[in-house]
Each structure stands twice: as C-alpha cells, then as structure tokens.
Amino acid sequence: MIYIRPIPVPDIAKPKTALPLAGGWCHFTHVEVLERGQPAKVMPASDFSAADLATLTAPRPDFAGLAMNQPRIMGIVNVTPDSFSDGGLFYRPEAALMGARQMAATADILDIGGESTRPGAAEVAIADEISRTAPVIAAMRAAGIARPISIDTRKADVAQAALGAGAGIVNDVTALTFDPTMAGLVAKTSAPVILMHSIANPQTMQNDPRYDDVLLDVYDALATRMAEAQAAGIARPNIAIDPGIGFGKTLAHNLTLLARLSLFHGLGVPVLLGASRKRFIGTLSGEEDAARRMPGSLAVALAGVAQGMQMIRVHDVAETRAALSLWQAATKGTSE
C-alpha cells in the first residue's frame, strides 16, 4: 500500500501551482510517498492525478457547527483530582465553571473530562464520572456558555449523561473500543465524535509500546476505527481523528508522528492534536513540572497548525490563542 503525505509550505511562500491542504490555510506542491519497508520518496504533487489527491485537497465539512478552514482551539477542563498536569485545579464544580468561563472567551471548544487517562491512572466508576461531569456541563449551559462542549470519556453512560446535560461532542480516547455500546449511542444521537488512537489502557499503555512502523500503524488503526464507526451508523461528517500523542507511545514514537502529522489528512476528516503539557515535552525541555510546560506546548501546537491540524487541544487557552494569532500574522505577512 502507498501512503501519500502532503508537505505543507507557508502561505506567504506558496507558488501559484500550490494545492490547498484539506481546504484550509496550508498548501503543498510536493508529497512524500511512504511504503512499508521502502525508503520514503519526495515527489511533485503534479505527478499525481486530481483524483489521487482529492482526499488531501478537499475542504473538510464543519465539525460540531465549526468551520474547519481555520485552526480551532479546544480548552481542557479536567474535573478530576488526579489529572497529570492540573489535577484538582477544576475538581470543585464552582472552580470548573469559573475555569470554563475564562476559557470560553478564547477557546472554540471546551472539553470536559471526569476520569484521568494519564499513564498508570485507575478506572473511575461510572456513577462518579457522571457526577463529576454532567452537573458541570449543565451549569455551563445555565451560565450562558454557548461554545461547543465535548465530553472526554470512553463510557457510553457517561457520554449519554453529558449529552443530556448540554454537551454536543464525544471525545473517546479508545476510539469506541472500550465500551461496546458507545458506537451505538453516538450513532443514535448523531453526536460528532473524535476517535483517538491508543493501545491497551491507561494503566498499561506505557509498558514497552511497540510498532512495526508507528506512523503507518497509527494511520491504519485509525482508518479501521473510522470504517467500523461508519459501519455502526456514524456519519462520516461527524467523525474527527486524533493520533493519540503520548498514549502508548515512546518519545521516539511521538516525535515520528509529530514530524509527519500531515499524513493523517489522507483519512479525509478533521484532525485533532492533543500534546499539551505531556511527558515528552517535559523530557525535551527539562521541565518536570507539567504545569510549567506551556512554552513547549505552544511550540508543539504551532508545529501542528503548520501541518494543517484543524483542532488543537490545550490547557493554556489564552496563551495558545495569542501564539496562534502571532503565527498567523507572521506567516501571512499581515495582521488582517
């Protein structure tokens, strides 16, 4: 099988022959051709037919009512006592609501989670996860927060309660594999869903993860999960994917994925990058305290935007918005 990865070029430097990447802000003139067991080859995009490149160039449909022709920021609100970077910060409902209010000023989406999925984390009982998340989501809606809200869960009962409280997106770190009833719920409710790649579970996912070719293995796994989601009745325009940085990946695996994120546009749906404050950022920057990894998180977020990632999941929403605004102005050569 041949895989075609578009090589993005800055907007200000694009030649007239450049093709739009996923109908968004990036363009490309060349592609990297990948094949298992073979060296990569860089070729002009003009060597391929329009049909060959259609999935890479076509605009992405709106996701949860948001146009995907510009990068969207997803703010993280962890209603947990033990998340790896902000455990306890938003655990009290009033603190979660206050944090959501602040993020809503600059975020496009708010992602609410009631179970830590950090390496080694234990599973949270369904009732506890519901009690942490659904009331906060209901309070957000009652407070007039109109931003799209996603529920970060792998459990159908939690997702159902959250959707009933006002959430509109399901963000499943197991790509609908943990709970056999999750796919049916998502199909029945027509909720947009984010399918993330992971292996094993949070307790064991970092126990010597191995791949034949991490980039192509993750791509193929997500393609399979997309096909199974559609077979379960989930409409393709309601699907986004996430390569799962840090979930069952070593430092080398993460860096390989980040260097070639644009490959995932070949799946034809919006792509979310969630790397904020993760361990590999601390390893590379020498920062053990996850809460102090904002500079590295900004760097990785902008690297993802430069490869056309439509959604960026972050803890530091206002700072990411400012960095993104500066990046866009610098790459376009204008503040407009």
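Read on for a plain summary of the structure. (Residues numbered from 1 in each chain as written. Predicted model: local features only at pLDDT ≥ 70, side-chain atom pairs only at ≥ 80, totals over all residues. Heavy atoms only, no water.)

1. Observations concerning the environment of L324
Right, so step 1: Checked against the element boundaries, L324 lands in helix 10 (residues 317-332).
Right, so step 2: Put simply, L324 and G308 are 16 residues apart on the chain and 13 Å apart in space, counted from C-alpha to C-alpha.
Right, so step 3: The residues contacting L324, other than those within four sequence positions of it, are P71, I73, L302 and V305. (Helix = DSSP H or I, 4+ residues; strand = E, 2+ residues; numbered from the N terminus. Contact = heavy atoms within 4.5 Å.)

2. Quick notes on the pairing of strand 12 (residues 311-314)
Right, so step 1: A two-sided burial pattern is seen for strand 12, the buried positions comprising M311 and R313 on one face and I312 and V314 on the other.
Right, so step 2: Taken together, the four bridges between strand 5 (residues 72-78) and strand 12 define a ladder with parallel strand orientation. Looking at the pairing, R72 lines up with M311 of strand 12.
Right, so step 3: Pairing analysis gives three bridges linking strand 11 (residues 272-274) to strand 12, with the strands arranged parallel. Within strand 12, the residue paired with L272 across the bridge is M311. (Buried < 20%, exposed > 50% of the residue type's maximum accessible area, 1.4 Å probe, protein only. Pairing = 2+ DSSP bridges.)

3. Side note on the packing of aromatic side chains
Right, so step 1: As enumerated under the stated definition, the model contains two aromatic pairs in all.
Right, so step 2: For the pair Y3 and Y219, a centre-to-centre distance of 5.5 Å together with 90° between the ring planes defines the contact as edge-to-face. Of this pair, Y3 sits in strand 1 (residues 2-9) while Y219 sits in helix 6 (residues 214-231); the two residues are 216 residues apart in sequence, bridging distant segments of the chain. Across this residue pair, the class does not change: Y3 and Y219 are buried.
Right, so step 3: Ring plane angle 35° and centroid distance 6.0 Å describe the contact between Y219 and F264, whose orientation is recorded as tilted. With Y219 in helix 6 and F264 in the loop between helix 7 (251-259) and strand 11, this residue pair connects regions lying 45 residues apart in the sequence. Assigned by exposure class, Y219 and F264 land together as buried.
Right, so step 4: An aromatic cluster of three or more residues is present, and its members are Y3, Y219 and F264. (Phe/Tyr/Trp six-rings, centres within 6.5 Å; stacked < 30°, edge-to-face > 60°.)

4. Quick look at the packing of helix 4 (residues 156-165) against helix 5 (residues 182-189)
Helix packing geometry: the angle between the two helix axes and the distance between the axes.
Right, so step 1: Packing of helix 4 against helix 5 leaves a shortest axis separation of 9 Å and a crossing angle of 25°. Here helix 4 lies roughly parallel to helix 5, going by the angle between them. When the axes of helix 4 and helix 5 are compared, the crossing they make is right-handed. On the side of helix 4, the interface is formed by A156, A159, Q160 and L163, while helix 5 contributes M182, L185 and T189.
Right, so step 2: Of the residues belonging to the contact of helix 4 with helix 5, the class tally is five nonpolar, two polar and no charged. (Axes fitted to C-alpha atoms, helices over the stretch in contact; angles between N-to-C directions. Parallel < 35°, antiparallel > 145°, perpendicular 65-115°, else oblique. Left-handed = near helix turned anticlockwise from the far one by under 90°. Nonpolar A, V, L, I, M, F, W, Y, C, P; charged D, E, K, R; others polar.)

5. Observations regarding the pattern of salt bridges
Side-chain pairs of opposite charge can arise where the charged atoms are in close proximity.
Right, so step 1: Applying the stated criterion to the full structure yields 14 salt bridges.
Right, so step 2: Its salt-bridge partner being D108, residue R72 comes within 3.2 Å of it at the nearest N-O pair. Here the residue R72 occupies a position in strand 5, and D108 occupies one in the loop between helix 2 (93-104) and strand 6 (109-113), the gap between them amounting to 36 residues.
Right, so step 3: A relative accessible area of 12% means that R72 is categorised as buried.
Right, so step 4: Salt-bridge contacts for D152 lead to R313; the nearest nitrogen and oxygen are separated by 3.1 Å. (Salt bridge = Lys/Arg side-chain N within 4 Å of Asp/Glu carboxyl O.)

6. Examining the packing of helix 9 (residues 294-305) against helix 10
Right, so step 1: Relative to each other, helix 9 and helix 10 sit at 45°, their axes nearing to 10 Å. Judged on the interaxial angle alone, helix 10 and helix 9 are oblique. The handedness of the crossing between helix 9 and helix 10 comes out as right-handed. Facing M294, L298, L302 and V305 of helix 9, the residues of helix 10 in contact are E319, T320, A323, L324 and W327.
Right, so step 2: Class assignment for the residues of the contact of helix 9 with helix 10 results in seven nonpolar, one polar and one charged.

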